[in-house]
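Descriptive structure summary
In case you want the letters, here they are:
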Amino acid sequence: FLRILVRVCVYMVSLVAACGLLLQPTARRPSPLRRFLSPVLEAPAPLASLLDLADEYDAFLLDQFGVIHDGKTAYEGAVDAVCELQRRGKKIVIISNSSRRKSDTLARLRSMGFGPCEGDGASDVPPISVVTSGDLVWEGLSAAAAAPFADLGLRCTVFGNGEDDEEYVRTCGRVAVPVAEADFVLARGLFTILGTGPDLLRQPFSPYSADAEEEALRAALAARPGGLPLVVANPDTVRPDGKDSPMPGLLAARYEAMGATDIRPVGKPHPLIYEACRAQLAIAGIDAAGARVAAVGDSLHHDVLGASQNGVDSVFICGGVHYRELEVPQAAAVPPAVDKLAALLATFASEHGGCTPTHALAGFRL
């Protein structure tokens, strides 16, 4: 009975919180008491505009896939929204679980019309900076000076993207080998497996398959007690576009289910990527300890939870990976029904220590 009562209380609190996130935008922020009572006394209103919270913060840690673009095309209104934040002097740091180097993200952003970005020269507005989990892994492997990279060997088997894996491994000072010879396993993607050739001079990739994954993971598990270390350069479990595609975070979960104990995820919601974002803010002259910072993202499990665990506010984008649960069109900035949002947030809060987003927006638009 007590467990049922607790879940009911969590749901009711989340319902009030969800309704509070759905207040009609106003030029003046309402009092906390009014924000608490308004959802009960008034009909649900559209989600607040980005402009209604823009000046509450000095900097934004902005997710990319599912929030401002789909990997190829910028979402409607996203370029204007980013430009407006920059015009207002807000520092933007792209925080992404992409397993690629940040140069890939910068090139992608520029091609879609976002900017100015770091490296673009002098500007009247703060340039966009980028932190990717893939870049952090590459830098960590290259330096081999700090956890979780310092104790890894030189040889690895790579679950990869199938495009830049060989260059990625080689330039960070590692070599791809079959799993029987590996010191650790690196998960960047689940499209190919690099490290299946007969010797160090010949390491062509082979296509990914579930059977090949299981065979490699069982060999890694048998290599030592607890299994070979698994470095996860993209801890996501769901694609931003909602498609049913294998993700490195799921591979990590399967490896752990087999009995592996040495799994090292890099990216949201884990601390290392937030430390790197704080470093970018410091370069921009922003003291993260005293600054007002909000993380914007579409994943409760990565963006919202990561923000909560790392001491920053969060802005949940409803039209991203949770669009099916909220029954809204993806990337269309359509507000969800209040009860749908409340139910989603209540379930998440009950499973994650009461964690809920600070704000919610239908989409990243003005």
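Heads up: the structure comes first, above all this text.
A brief report on the enclosed structure follows.

Quick look at helix α8 (residues 210-222) now. Counted at 1.5 Å a residue, the expected span for α8 with its 13 residues is 18 Å, and the 18 Å between its end C-alpha atoms agrees. Three or more residues of α8 are buried, namely Glu-213, Ala-216, Leu-217 and Ala-220. Around the axis of α8, the buried residues are gathered within 95 degrees of arc, so they sit on the same side. Of the exposed residues in α8, those oriented more than 90 degrees away from the buried face are Asp-211, Glu-215 and Ala-222. Buried positions along α8 lie against β4 (155-160), β6 (184-187), β7 (192-194) and α9 (248-258).

Turning to the nonpolar core, a few remarks are in order. If you look at the biggest cluster of nonpolar residues, it comprises 34 residues, and the most contacted ones within it are Leu-61, Val-137 and Leu-186. Looking at this core, the elements with two or more residues in it are β1 (59-62), β2 (91-96), α6 (133-143), β4, α7 (165-171), β6, α10 (271-283) and β11 (293-297). When residues in this core are grouped by element, the largest group, five residues, is from α10. With residues up to four places along the chain from it excluded, the contact list for Leu-186 reads Val-137, Thr-157, Val-158, Phe-159, Tyr-168, Val-231 and Ala-233.

A large share of α6 lies buried, amounting to eight of its 11 residues. Considered for burial, the residues of α6 that qualify are Ser-133, Gly-134, Asp-135, Leu-136, Val-137, Trp-138, Gly-140 and Leu-141. Where α6 ends, the next residue or the one after it, Ala-144, has phi of about 50 degrees, a positive value.

Our focus in this paragraph is the packing of aromatic side chains. On inspection of all chains with the given rule, the structure shows one aromatic pair. On the numbers, 5.8 Å between centres and 70 degrees between planes, the contact of Tyr-57 with Phe-60 is edge-to-face. Comparing Tyr-57 with Phe-60 shows no difference in burial state: the two are buried. When the ring centre of Trp-138 is taken as origin, the NZ or CZ atom of Arg-101, which lies over that ring, is 3.7 Å away. Residue placement shows Arg-188 over the ring face of Tyr-168; its charged tip is 3.7 Å from the ring centre.

Okay, the environment of Leu-154 next. Its location among the elements puts Leu-154 in the loop between α6 and β4. Between the alpha carbons of Leu-154 and Ala-176 there is a distance of 8.6 Å; along the sequence they are 22 residues apart.

Across a sheet, paired strands are connected by hydrogen bonds in the backbone, their directions being either parallel or antiparallel. Read across the sheet, six strands follow the order β3-β2-β1-β11-β12-β13 without closing on themselves; strand pairing throughout is parallel. With partners counted over all chains shown, the strands left at the sheet margins are β3 (129-132) and β13 (359-361), one partner each. The average angle at which neighbouring strand axes cross in this sheet is 25 degrees, direction not considered. One ladder, built from four bridges, connects β11 with strand β12 (residues 313-317); its direction is parallel. Paired with Ala-294 across the two strands is Asp-313, which belongs to β12. The sheet contacts of helix α11 (residues 300-309) involve β11 and β12, and relative to β12 the element is tilted by about 160 degrees.

The rules behind these values
- Residues numbered from 1 in each chain as written.
- Predicted model: local features only at pLDDT ≥ 70, side-chain atom pairs only at ≥ 80, totals over all residues.
- Heavy atoms only, no water.
- Helix = DSSP H or I, 4+ residues; strand = E, 2+ residues; numbered from the N terminus.
- Expected span 1.5 Å × (residues − 1).
- Buried < 20%, exposed > 50% of the residue type's maximum accessible area, 1.4 Å probe, protein only.
- Arc of directions from axis to C-beta.
- Contact = heavy atoms within 4.5 Å.
- Core = buried A, V, L, I, M, F, W, Y, C linked by side-chain atoms within 4.5 Å.
- Phe/Tyr/Trp six-rings, centres within 6.5 Å; stacked < 30°, edge-to-face > 60°.
- Lys NZ or Arg CZ within 6 Å of the ring centre and 35° of its normal.
- Pairing = 2+ DSSP bridges.
- Axes fitted to C-alpha atoms, helices over the stretch in contact; angles between N-to-C directions.

Functional significance is not addressed by these values, which are geometric in nature.
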